[in-house]
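Residues per chain, in single letters:
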Amino acid sequence: METSQREDQQHAAERRRQELLEAADRVVLREGPGASMNAIAAEAGITKPILYRHFGDKGGLYRALAARHTDALLVGLRAALDAPAERRDRVERTLDSYLAAIEARPQVYRFLMHPADEGQPSEGGFDVGRHSAPLLRRMGEELAQVISERVDLGPGSDELARTWGHGIVGMMHAAGDWWLRERPFPREHLVRHLADLLWGRLAYSGDLPGGPGF
């Protein structure tokens, strides 16, 4: 009985946490990097101390939101990588999946990557670099694993896969950040330009025997 009660309490706490994250998402969509704990608490119909009880501080809330959005982004990237298409098409679809995601929700992207933009003071000592870097590292490691599972890179393949994974994520992030701010040309142009840059060795590396192919 006690175990069942604890499980019910845990499920209820998780549901409440998800409700609070959805409220935070709504505020971030409206206010972007300026989203405050006060506004999020008001959106959720609670006081800020209760919000702190669930997440600790803005850094804790950021990490929870980052995990939520990174999980969704990685699902999209893997779907693009697994699509039944030629390798060049899959490279372009993967790049486009990332760029389309940040274009569709620019305020969320700016909150995750630039919370102190526009000269706004950071809340509670919030440090964007300290929190966004793990997000990019996670994406780099995920992509490195995909590459190592699919592409025959020969000697030193693990080293190459990790280098490529983090390098590609860094390229997507930097180029996407610039493009989102300036919108100098359509998204499909950026996808094609970045795919051209990546294509080199990918064009002639074979698929790893027994792997899912790339």
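Residues numbered from 1 in each chain as written. Predicted model: local features only at pLDDT ≥ 70, side-chain atom pairs only at ≥ 80, totals over all residues. Heavy atoms only, no water.

1. A look at the overall build of the chain
Operational definition: Counting from the N terminus, the helices are DSSP H or I runs at least four residues long and the strands are E runs at least two residues long. Type-normalised accessible area, obtained with a 1.4 Å probe on protein chains alone, sets the label of each residue: buried when under 20%, exposed when over 50%, and partly exposed for intermediate values. In what follows, a contact means two residues having at least one pair of non-hydrogen atoms within 4.5 Å. The Shrake-Rupley method, run with a 1.4 Å probe sphere, supplies the accessible areas, and residue values consider only the shown protein chains as cover.
Counting its regular elements, the chain contains 9 helices and 0 strands. Starting at the N terminus and walking to the C terminus, you meet the elements of the chain as α-α-α-α-α-α-α-α-α. Burial analysis of the chain (214 residues in total) assigns 41% to the buried set. Residue pairs in contact within the chain that sit at least 24 positions apart in sequence constitute 70% of those at least 6 positions apart. By element, 51% of the accessible surface of the chain is carried by carbon and sulfur atoms, the whole surface being about 11300 Å².

2. A few points about the packing of aromatic side chains
Two aromatic rings, taken as a pair, are described by how far apart their centres are and by the angle between their planes. Applicable threshold: Whether two aromatic rings pair depends on their centres lying within 6.5 Å, for rings of Phe, Tyr and Trp, where Trp uses its six-membered ring; planes under 30 degrees apart make the pair stacked, over 60 edge-to-face, and the rest tilted. Throughout this description, the term charge over a ring refers to an Arg CZ or Lys NZ atom that lies within 6 Å of the ring centre and within 35 degrees of the ring normal.
Across all of its chains, the model carries 2 aromatic pairs by this definition. The interplanar angle of 65 degrees and the centroid separation of 5.7 Å between the aromatic rings of Trp178 and Phe185 together place this pair among those described as edge-to-face. One residue, Arg183, lies across the ring of Trp179, its end atom 5.0 Å from the ring centre.

3. Describing unusual backbone geometry
Within the chain, Arg183 stands out as a residue other than glycine whose phi angle is a positive 45 degrees. For Arg183, the position within the fold is in the loop between α8 (157-182) and α9 (187-202).

4. Digging into the side chain of Thr70
Within the secondary structure layout, Thr70 lies in helix α4 (residues 58-81). If we ignore the near neighbours within four places in the chain, the residues touching Thr70 are Leu135, Arg138 and Met139.

5. A few points about the nonpolar core
Going by this rule: Nonpolar cores are built from buried Ala, Val, Leu, Ile, Met, Phe, Trp, Tyr and Cys residues. Side-chain atoms within 4.5 Å join them into one set.
In terms of nonpolar packing, the biggest core is built from 55 residues, with Leu51, Leu61, Leu65, Leu95, Tyr98, Met139 and Ile147 touching the most fellow members. Beyond its immediate sequence surroundings of up to four residues, Met139 is in contact with Thr70, Leu73, Leu74, Leu77, Tyr98 and Val169.

6. Some details on the packing of helix α2 (residues 37-44) against helix α3 (residues 48-55)
The following threshold applies: In this analysis an axis means a line fitted to C-alpha atoms, helices contributing only their contacting stretch, and an angle means the value between N-to-C directions, from 0 to 180 degrees. Under this scheme an angle from 65 to 115 degrees is roughly perpendicular, one under 35 degrees roughly parallel, and one over 145 degrees roughly antiparallel; angles in between are oblique. Amino acids outside the nonpolar list (Ala, Val, Leu, Ile, Met, Phe, Trp, Tyr, Cys, Pro) and the charged list (Asp, Glu, Lys, Arg) are all regarded as polar, and Gly is one of them.
As a packed pair, α2 and α3 sit with axes 9 Å apart at the nearest point and diverge in direction by 100 degrees. It follows that α2 is roughly perpendicular to α3 by the angle criterion. On the side of α2, the interface is formed by Met37, Asn38, Ile40 and Ala41, while α3 contributes Lys48, Leu51 and Tyr52. Taken together, the residues of the contact of α2 with α3 break down into 5 nonpolar, 1 polar and 1 charged.

7. Here we look at the pattern of salt bridges
Let me state the cut-off plainly: The working definition used for a salt bridge is a side-chain nitrogen of Lys or Arg within 4 Å of a carboxyl oxygen of Asp or Glu.
For the coordinates displayed, the defined rule picks out 14 salt bridges. For the salt bridge of Glu92 with Arg88, the shortest nitrogen-to-oxygen distance reads 2.9 Å. Residue Glu92 and its partner Arg88 are both found in helix α5 (residues 87-104); the two are separated by 4 residues, about one turn of the helix. A salt bridge links Arg88 to Asp196; the nearest nitrogen and oxygen atoms lie 2.7 Å apart. Note that Arg88 is positioned in helix α5 and Asp196 in helix α9, a separation of 108 residues in sequence.

8. Structural notes on the side chain of Arg88
Applicable threshold: A 3.5 Å cut-off defines polar contacts: any pair of N or O atoms within that distance qualifies, except that in protein one atom must be a possible hydrogen donor and the other a possible acceptor, and neighbouring residues in sequence count only when both atoms are side-chain atoms.
Among the polar contacts listed, one links the side chain of Arg88 to the side chain of Glu92, at a separation of 2.9 Å. Among the polar contacts made by the side chain of Arg88, one reaches the side chain of Asp196 at a distance of 2.7 Å. What Arg88 contacts, discounting residues up to four positions off in sequence, is Arg192, Ala195, Asp196 and Trp199.

9. Brief notes about the environment of Gly34
Among the secondary structure elements, Gly34 is positioned in the loop between α1 (2-31) and α2. With relative accessibility at 29%, the residue Gly34 sits in the partly exposed group.

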